[in-house]
Amino acid sequence: MAKSNSLKSAAIVLGGLAFGWLAIEMALKPWLDKARAAINNSDPTHDPDDDDAADKSPPEVSASDVKQSDSHEA
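Sequence order as written defines the numbering, with residues in each chain counted from 1. This being a predicted model, a pLDDT of at least 70 is required before a residue's local features are given, and a value of 80 or more before pairs of side-chain atoms are given or counted; all residues contribute to the totals for chains, interfaces and linings. As a rule here, side-chain values come from all non-hydrogen atoms in the structure, and water together with hydrogens is ignored.

An unreviewed UniProt entry annotates the protein chain as Outer envelope membrane 7-like originating from Olea europaea subsp. europaea.

Have a look at this one:
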């Protein structure tokens, strides 16, 4: 008899978890859809830290840029 009660309890718990999961999915559907779309569109090989390092480096100035800026100042 104890085994039957434990199986019923397990079935009730699993049913409650499934119901809770579905309730959360339905309540948060718009945000979950946007998040899942963003994840699908992301590039796993892209490292955002590389972008930060590139932004902090000083711009490269060539000799022709320096000559052009000198002639415009006079």
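Having seen the structure, we can now continue with the description.
Turning next to the overall build of the protein chain. Tallying secondary structure elements over the protein chain gives 4 helices and 0 strands in all. Listing every helix and strand of the protein chain by position from the N terminus yields α-α-α-α. Buried means the residue's accessible area, taken with a 1.4 Å probe over protein chains only, is under 20% of the maximum for its type, while exposed means over 50%, and partly exposed covers the values in between. Taking all 74 residues of the protein chain together, the buried fraction comes to 0%. Just so you have it, the protein chain exposes about 7,000 Å², and 64% of that area is on carbon and sulfur atoms. Per the convention used, a helix needs a DSSP run of H or I reaching at least four residues, while a strand needs a run of E reaching at least two, with both numbered from the N terminus. Each accessible area value is a Shrake-Rupley result obtained with a 1.4 Å probe; residue values ignore everything except the protein chains displayed when judging cover.

This part takes up the pattern of salt bridges. Any carboxyl oxygen of Asp or Glu that lies within 4 Å of a side-chain nitrogen of Lys or Arg is treated as forming a salt bridge with it. Under the definition given, this model contains 2 salt bridges. A salt bridge links Glu25 to Arg36, with the shortest nitrogen-to-oxygen separation between them at 3.0 Å. Taken together, the residues Glu25 in helix 1 (residues 2-27) and Arg36 in helix 2 (residues 29-41) connect sequence positions 11 residues apart. Take Arg36: its relative accessible area is 40%, and that puts it in the partly exposed class.

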